[in-house]
Amino acid sequence: MRISAKGRYALASVIHMAQRHHSGESITLISISERLGISKIYLEQVFSLLKRGELVTSVKGALGGYLLSASPEQINVLDVLTAVETGLFDKTEDTVAQKAPEIEYAMREAVFDVLDSAVAATLSQISLEDLVLMSEKHKGDDAAMYYI
């Protein structure tokens, strides 16, 4: 399965937001851009989709930015990816339906539908909170250790 840059950036951005969710403060796209090294212009496109998917809300004004629309425990990876990956679960195109419909049916039922269901089930079980906890666990992995 291939997730586009838009999907990966969306997921990284909402994980970053989830890490700061407890503060209740909105987060600007500029701060996300600087923290994650993602173009602000590209993030605007991503957040437009996240907002349309009702995963984030925008806050206007001097202290404006974005907030998660629910707690990190209530938002899962499937929610994020389906908001920005428009073709994530598009129906697989017919392969041999004209000449061999029984083979087409078997492939769809035993392979394609099963894969779609398994991917959706897996992604729906991983919450943003799970990813925050995992990122915290690995936070020190890249840190340099100095001994005196």
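This text goes with the structure placed above it.
Residues numbered from 1 in each chain as written. Predicted model: local features only at pLDDT ≥ 70, side-chain atom pairs only at ≥ 80, totals over all residues. Heavy atoms only, no water.

Caption draft 1: Representation of the environment of L43 in the model. Mapped onto the secondary structure, L43 falls in helix 3 (residues 40-52). Using a relative accessible area of 0% as the deciding quantity, one classes L43 as buried. With 14 residues separating them along the chain, L43 and L29 place their C-alpha atoms 6.8 Å apart. With residues up to four places along the chain from it excluded, the contact list for L43 reads S13, L29, I32, S33 and I38. (Helix = DSSP H or I, 4+ residues; strand = E, 2+ residues; numbered from the N terminus. Buried < 20%, exposed > 50% of the residue type's maximum accessible area, 1.4 Å probe, protein only. Contact = heavy atoms within 4.5 Å.)

Caption draft 2: Inspection of the pattern of salt bridges at higher detail. With the rule as written, the count across this model stands at three salt bridges. A salt bridge links E104 to R108; the nearest nitrogen and oxygen atoms lie 3.4 Å apart. Within this pair, E104 and its partner R108 are both found in helix 5 (residues 101-124), separated by four residues, close to a single helical turn. As far as burial versus exposure is concerned, E104 and R108 are alike and both buried. Here the residues in one salt-bridge network are D94, E104 and R108, joined through shared partners. (Salt bridge = Lys/Arg side-chain N within 4 Å of Asp/Glu carboxyl O.)

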